[in-house]
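# Remarks on the overall topology
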Amino acid sequence: MKQHLNTIIIALAVIIAGFLLANGYKNRSKTADAISVTGSGEENFTSDLIVWRGSFSKKNYDLKMAYSELNKDQQAIRKYLTSKGIKSDELIFEAVDIQKDFFYDYDQNGQLRNTVFNGYQLTQNLKVQSKNVDLVENVSREVTELIDAGVELNSFPPEYYYTKLAQLKVKMIESATKDARNRAEKIALNAGGSLGKLKTADMGVFQITGENSSEQFSWGGNFNTSSKKKTANITIRLKYEVN
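Each value, and the rule that gives it
- Residues numbered from 1 in each chain as written.
- Predicted model: local features only at pLDDT ≥ 70, side-chain atom pairs only at ≥ 80, totals over all residues.
- Heavy atoms only, no water.
- Helix = DSSP H or I, 4+ residues; strand = E, 2+ residues; numbered from the N terminus.
- Buried < 20%, exposed > 50% of the residue type's maximum accessible area, 1.4 Å probe, protein only.
- Contact = heavy atoms within 4.5 Å.
- Areas by Shrake-Rupley, 256 points an atom, 1.4 Å probe, with all protein chains shown as cover.
- Patch = residues over 30% accessible without salt bridge, like charges linked within 9 Å, V, L, I, M, F, W, Y side chains within 5 Å.
- Salt bridge = Lys/Arg side-chain N within 4 Å of Asp/Glu carboxyl O.
- Expected span 1.5 Å × (residues − 1).
- Arc of directions from axis to C-beta.
- Phe/Tyr/Trp six-rings, centres within 6.5 Å; stacked < 30°, edge-to-face > 60°.
- Lys NZ or Arg CZ within 6 Å of the ring centre and 35° of its normal.
- Core = buried A, V, L, I, M, F, W, Y, C linked by side-chain atoms within 4.5 Å.
- Polar contact = N/O pair within 3.5 Å; in protein donor to acceptor, adjacent residues only side chain to side chain.
- Pairing = 2+ DSSP bridges.

### Regarding the overall build of the chain
Scanning the chain for helices and strands turns up four helices and 10 strands. Reading the helices (α) and strands (β) of the chain from amino to carboxyl end gives α-β-β-α-β-β-β-α-β-β-α-β-β-β. Considering the chain as a whole, with its 243 residues, one finds that 28% of them fall into the buried category. For the chain, contacts bridging at least 24 residues in sequence account for 76% of all contacts bridging at least 6. Counting every atom, the chain has about 16100 Å² of accessible surface; 52% of that belongs to carbon and sulfur.

### A closer look at unusual backbone geometry
The backbone of N212 sits at a positive phi, close to 60°, despite the residue not being glycine. Looking at where N212 falls in the secondary structure, it is placed in the loop between β9 (207–210) and β10 (229–242). Its relative accessible area of 75% is what places N212 among the exposed residues.

### Quick look at a nonpolar patch on the surface
The grouping of F102, Y104, Y106 and L112 at the surface amounts to a nonpolar patch, some 400 Å² of accessible area in total. If you trace the backbone, F102 turns up in strand β4 (residues 97–106). On the basis of relative accessible area, F102 is assigned to the partly exposed category, the value being 32%.

### With respect to helix α2 (residues 63–83)
Between its first and last C-alpha atoms α2 spans 30 Å; for 21 residues at 1.5 Å apiece the expected length is 30 Å, and the two agree. Listed as buried for α2 are A66, L70, D73, Q74, I77, Y80 and L81. All buried residues of α2 lie within an arc of 130° about the axis, which places them on one face of the element. Facing away from the buried side of α2 by over 90 degrees, the exposed positions are K64, K72, K79 and S83. Lining the buried residues of α2 we find β2 (49–60), β3 (91–93), β5 (112–130) and α3 (133–142). One or two residues past the end of α2 sits G85, with phi positive at roughly 110°.

### So, the packing of aromatic side chains
Going through the model one piece at a time under the given rule, you end up with six aromatic pairs. Seen from their ring centres, F56 and F93 are 6.3 Å apart, and the 80° between their planes marks the pair as edge-to-face. Of the two residues, F56 is situated in strand β2 and F93 in strand β3; the sequence distance between them amounts to 37 residues. F56 sits in the buried class, given a relative accessible area of 1%. F93 sits in the buried class, given a relative accessible area of 17%. Of the aromatic side chains, those joined through ring pairs into one cluster are Y61, F102, F117 and Y120. Of note, K169 hangs over the ring of F206, and the distance from its end group to the ring centre comes to 5.1 Å.

### Examining the nonpolar core
For soluble globular proteins, the rule of thumb is that nonpolar side chains tend to be buried together. Within the largest apolar cluster, 23 residues are counted, with the highest numbers of intra-cluster contacts made by W52, I77, L81, V128 and L153. Looking at this core element by element, the count peaks at five residues for α2. Leaving out residues up to four positions away in the same chain, L153 has contacts with W52, G54, S55, F56, I77, L126, V143 and L146. V37, A184, L238 and Y240 belong to the second-largest nonpolar core, a separate cluster that totals 17 residues.

### Here's the deal with the environment of Q99
If you trace the backbone, Q99 turns up in strand β4. Spatially, the C-alpha atom of Q99 lies 5.8 Å from that of Y120, the residues being 21 residues apart in sequence. Ignoring anything within four residues of it in the chain, the contact list for Q99 reads G119, Y120 and Q121. Of the polar contacts made by the side chain of Q99, one reaches the side chain of D97; its length is 3.4 Å.

### Things to note about the pairing of β4
Bridge count between β4 and β5: nine bridges; the pairing is antiparallel. Among the inter-strand pairings, Y104 is bridged to a residue of β5, identified as T115. In sequence, β4 turns back onto β5 through a hairpin of five residues, with G110 there showing a positive phi of about 85°.

Listed below in structure tokens is the structure:
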């Protein structure tokens, strides 16, 4: 009786082991029957928002006089820009920065001998933010005309943005996903199979570069603000089961 029981136990162990091995092989094969593909989406677009910055300053030994002179320049700049078609609510004059300037006198050994007050330096920054991109772009190039009015405005290169970026990104994700699926279907077909269920989906880095530029992609994402015409790129990585 004991011998028969041992035989039964051994037989059951063999059956169970065989089932586990077969199941494991089946799952391993199922895991191996998968493909990963990367699809890309690309869109060219033109910026619809411009941000242009500048600064101007005045220096005087008398603080009130310096502020008065700076305020005159601000009024002249405001008048000039609005005469060019820029709206008043598109102009932002930031708070005045006040710095004391000093003249430092050193001896022949490089040791400081004396510090002399050299006046107050007042600086004010200007920002123009507008959807009238072409207008502001042209004005930023002609702003040297203010020199004739006795105003020296330091102009910085305009920055270009796009207010519909969220909608554009959704459209590009859809395009990249379709591209990836098409690639996967062709691979599966060429391998004599068919595409199964989607297992995973990962989105790559969103990149914005100047249109037709030689800018390099960045691992953390590139966001160009110096070009009015831009190109956006995105990648989608999909993993499918293969039947």
